[in-house]
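These are the residues of each chain, in order.
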Amino acid sequence: MKIKQAVALRIINLCKERNIAVNALGNISGVNPSTIYSMLNSKSQNPGVVSIQKICDGLEISIREFFDDDIFNNIEQEIM
């Protein structure tokens, strides 16, 4: 799995855990929902760390907690 896919999956899982929609996540984090949707699909190949930080702030978790998930244990190398 590539990092972009892992970030998208982590956002989806956090929304499911908290029973919130992507639009609600946008509202609580101050990130435009269209930005979040682009992070979840193929439009955005490089999810910005500032957007991830805002999402974390909205979810009241640290960036460390965001990336402290098994999803990130087997990330494919991006440089070939």
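The structure we're discussing is the one just above.
Residues numbered from 1 in each chain as written. Predicted model: local features only at pLDDT ≥ 70, side-chain atom pairs only at ≥ 80, totals over all residues. Heavy atoms only, no water.

**Student:** I'd like a description of the packing of helix α1 (residues 3-18) against helix α3 (residues 33-40), backed by residues and values.
**Tutor:** Running from amino to carboxyl end, α1 crosses α3 at an angle of 125°, the nearest separation of the two axes being 8 Å. In this view, α1 runs oblique relative to α3, as classed from their interaxial angle. Two secondary-structure elements touch here, α1 through Lys4, Val7, Ala8, Ile11 and Ile12 and α3 through Ile36, Ser38, Met39 and Leu40. Looking at side-chain class alone, the contact of α1 with α3 contains 7 nonpolar, 1 polar and 1 charged residues. (Axes fitted to C-alpha atoms, helices over the stretch in contact; angles between N-to-C directions. Helix = DSSP H or I, 4+ residues; strand = E, 2+ residues; numbered from the N terminus. Parallel < 35°, antiparallel > 145°, perpendicular 65-115°, else oblique. Contact = heavy atoms within 4.5 Å. Nonpolar A, V, L, I, M, F, W, Y, C, P; charged D, E, K, R; others polar.)

**Student:** Tell me about the packing of aromatic side chains, residues and numbers included.
**Tutor:** Taken as a whole and judged by the stated rule, the model has 3 aromatic pairs. Look at Phe66 and Phe67: their rings are 5.0 Å apart centre to centre, the planes differ by 80°, and that puts the pair in the edge-to-face class. With a centroid separation of 6.1 Å and 45° between ring planes, the pair formed by Phe66 and Phe72 is classed as tilted. In this pair, the class of Phe66 matches that of Phe72, namely buried. Among the aromatic side chains, those forming a connected cluster through ring pairs are Phe66, Phe67 and Phe72. The side chain of Arg10 reaches across the aromatic face of Phe66, ending 5.9 Å from its centre. (Phe/Tyr/Trp six-rings, centres within 6.5 Å; stacked < 30°, edge-to-face > 60°. Buried < 20%, exposed > 50% of the residue type's maximum accessible area, 1.4 Å probe, protein only. Lys NZ or Arg CZ within 6 Å of the ring centre and 35° of its normal.)

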